[in-house]
Amino acid sequence: MKQEAQNALQQVKRLHAEAADQTIAGLFEQDPDRFENLSAKCGDIHFDYSKNNLNADQLDGLFALADAADLAGRRAALFSGEHINVTEDRAVQHTALRDLTNANIIVDGENVQPEIAAVRQRMAAFSNGVRDGSIAGQGGPFTDIVNIGIGGSDLGPVMVAAALTPYQNGPNVHFVSNVDGADIVDVLSGLNADTTLFIVASKTFTTQETMTNAQTARDWFVERCGEAAVEAHFAALSTALEKTKAFGIRDDRAFGFWDWVGGRYSVWSAIGLSVMLAVGPDAFQEFLGGAHAVDQHFQTASARENVPLLMALIGIYHRNVCGYDTHAVLPYDQHLHRFAAYLQQLDMESNGKRITLDGEDVAGQTGPIVWGEPGTNGQHAFYQLIHQGTSIIPADFLIAANANDPIGNHHQKLVANAFAQTEALALGKSRQQVEQQLQEAGLPADKIASLAPHKAFPGNRPTSTFLYPKLTPHVLGQLIALYEHKVFVQGVIWNINSYDQWGVELGKELAGELLPMVKGEAPAEDRNGSTSGLLTAFHAMREG
Ligand code: F6P
């Protein structure tokens, strides 16, 4: 964190210490309009942050922190195509992919808008052809699509395809990511090769997991349909088009993107092809439009109305002032069941850093651990700890006003559960309330005394709620872009590079060294004692 920002953070810490007795319940008592005052609108999304333990002065202090970190300057640098990813010397321009206005977008001195539009048009033509059967496989129209990718080349499409299940009207989409053969074996076992289209998705086209799975898929396919049919059944999404060609992918089946699109920000690019095939180009366009609306909001809304900024500052308060380690994302929307997994890469690969942009050790904490599961399932698993455990876990609740699949009164029950949880977390239930209830239930005094502490809820546990009309492609685009910009703002305040990921490299390097030892082609010399021991134990256990 830069010195000016550290000073501003110290001021917020002082305000926090001065208000040590402040509670969320107390804040609502002081301000009957707290919900209106601490709500903001972004596109279709109502963001209610009133159930966070923050007063007006503390919020002002946080806005001052954003100013001290020169958020406005850094945001301008992001959108203007500056190389803000300094360690990889790259611009960060995923927002250009969803700008449908035909405006010039200059990256490295060139207007990239025509190239972006051209790839999008090719994707749309290909998707339409596959969907109407005019582009078909050896056995007729494609019934199944298998996207082979990992990390950003998997998590975005997987999450978005699941989220848009009610909008899927194309071939079935499947995803293979793990190098564990179980993943591809399970997917392939249900498929007919002659009506299956494989999409190999990899920004670099070198990732071990993806290239291994792609080769296995190719071998499986060739065994069933022959080498000559490969070109009709394989497509590729990559920035490395010479490598896709070397793999045997036809030029017109290769869809490119650019090094200024980070992997975890790439669902808006050609990497979204599997989603476009499933929901159609129009719905995909709406998805892009939703994100673009948030890009506009992020650049133009005032601080108090700026939802990504508010999300980021609340997160900074929890992490750097209150010292909370984790952040839960709890969608009350079954189709968002992979949203937390997606956000784990977005947030933790971006902001899980310990070195500043100036190359120094960071002074305080950076990105939190992000996790979550859909409600109400989480309620019957880990909410016990959120309500009564010793750790405080700030949480985001996401809920639609309308179900995509209305049936009976399921949705009202779902909403009641979501609202009940945030109220319970904020207000809790005092020991007196519990004792009174037990008295009314007729329990003897000794039983009341022993039970009451267990049944009391401390409350004062912060949550934010995102309420939206329905989980449409447009709303989904908005939700994702909100979190992307939140991550950006936090990276600015921490003065770290949110767009590199060197932390994933060491494991890859060591896996490369260890593979010959696992295969038994090289002795396990000069390894760590545990690693050598495990290699020996592994070989002893091997069958055959
Ligand atoms: O895990 C590291 C990473 O580089 C991610 O950032 C990326 O999304 C993923 O691997 C996949 O990379 P690629 O698309 O190049 O196969």
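Anyway, here's the lowdown on the structure attached to this text. A quick note: this is a predicted structure, and the numbers were derived from the prediction, not measured. (Residues numbered from 1 in each chain as written. Predicted model: local features only at pLDDT ≥ 70, side-chain atom pairs only at ≥ 80, totals over all residues. Heavy atoms only, no water.)

## Overview of the sheet that holds strand 9 (residues 196-201)
Taken in spatial order, the five strands make up an open sheet running 8-7-9-10-11, and their pairing is parallel. The sheet is open, and its two borders are formed by strand 8 (172-176) and strand 11 (254-256), each paired with just one other strand. Across this sheet, the average inter-strand angle for adjacent strands is 20 degrees, counted without regard to direction. Helix-sheet contacts for helix 6 (residues 113-132) involve strand 7 (144-148), strand 9 and strand 11, and the interaxial angle to strand 11 is about 145 degrees. (Pairing = 2+ DSSP bridges. Helix = DSSP H or I, 4+ residues; strand = E, 2+ residues; numbered from the N terminus. Axes fitted to C-alpha atoms, helices over the stretch in contact; angles between N-to-C directions. Contact = heavy atoms within 4.5 Å.)

## Here we look at the site of the ligand
Around the ligand lies a shell of 14 residues, among which Gly-152, Ser-153, Ser-202, Thr-204 and Thr-207 are the nearest. Measuring from an oxygen atom of the ligand, one finds a backbone N or O atom of Gly-152 at 2.7 Å. One nitrogen or oxygen atom from the side chain of Ser-153 is found 2.6 Å from an oxygen atom belonging to the ligand. Compared with its free state, where it exposes 390 Å², the ligand has 86% of that area covered by protein. Placement of the ligand is best described as lying within the largest pocket. When its residues are assigned to classes, the shell around the ligand shows two nonpolar, nine polar and three charged. (Near = heavy atom within 4 Å. Polar contact = N/O pair within 3.5 Å; in protein donor to acceptor, adjacent residues only side chain to side chain. Areas by Shrake-Rupley, 256 points an atom, 1.4 Å probe, with all protein chains shown as cover. 1 Å grid on protein atoms, 1.4 Å probe; cavity = no way out; pocket = protein on both sides within 12 Å on 5 of 7 lines; lining within 4 Å. Sits in = over half its atoms within 2 Å of the grid points. Nonpolar A, V, L, I, M, F, W, Y, C, P; charged D, E, K, R; others polar.)

## Describing the pairing of strand 9
In terms of burial, strand 9 is a largely internal element, six of the six residues being buried. Because side chains alternate across strand 9, one face comprises the buried residues Thr-196, Phe-198 and Val-200, and the other comprises Leu-197, Ile-199 and Ala-201, equally buried. With five bridges joining them, strand 7 and strand 9 adopt parallel strand pairing. Across the sheet, the residue bridging to Val-146 is Phe-198, located in strand 9. Bridging between strand 9 and strand 10 (residues 234-238) involves four bridges; their strand directions are parallel. In the sheet register, Ile-199 faces strand 10, and the bridge partner there is Ala-235. (Buried < 20%, exposed > 50% of the residue type's maximum accessible area, 1.4 Å probe, protein only.)

## Side note on the pairing of strand 2 (residues 45-48)
Pairing of strand 1 (residues 39-42) with strand 2 involves four bridges; the strand directions are antiparallel. Bridge pairing in strand 2 links Ser-39 to Asp-48. Summarising the sheet, strand 2 and strand 15 (residues 463-468) pair through three bridges and their orientation is antiparallel. Bridge pairing links Asp-48 to Thr-465 in strand 15.

## Points about the nonpolar core
If you look at the biggest cluster of nonpolar residues, it comprises 113 residues, and the most contacted ones within it are Trp-260, Phe-339, Leu-476 and Leu-479. No other element matches helix 20 (residues 473-494), which puts 13 residues into this core. Ignoring sequence-local partners within four residues, the contact set of Leu-479 consists of Ile-45, Leu-336, Phe-339, Leu-398, Phe-466, Tyr-468 and Leu-471. Of all hydrophobic cores here, the second largest spans 25 residues; its members include Phe-205, Ala-214, Ala-217 and Val-230. (Core = buried A, V, L, I, M, F, W, Y, C linked by side-chain atoms within 4.5 Å.)

## Section: the packing of aromatic side chains
Applying the stated criterion across every chain yields a total of 21 aromatic pairs. Look at Trp-258 and Trp-260: their rings are 5.1 Å apart centre to centre, the planes differ by 5 degrees, and that puts the pair in the stacked class. Its relative accessible area of 14% is what places Trp-258 among the buried residues. According to the relative accessible area criterion, Trp-260 is buried, its value standing at 5%. The structure contains a cluster of three or more aromatic residues connected by ring pairs, namely Phe-198, Phe-205, Trp-220, Phe-221, Phe-234 and Phe-247. The ring of Trp-268 is capped by Arg-98, whose NZ or CZ atom sits 4.5 Å from the centre of that ring. (Phe/Tyr/Trp six-rings, centres within 6.5 Å; stacked < 30°, edge-to-face > 60°. Lys NZ or Arg CZ within 6 Å of the ring centre and 35° of its normal.)

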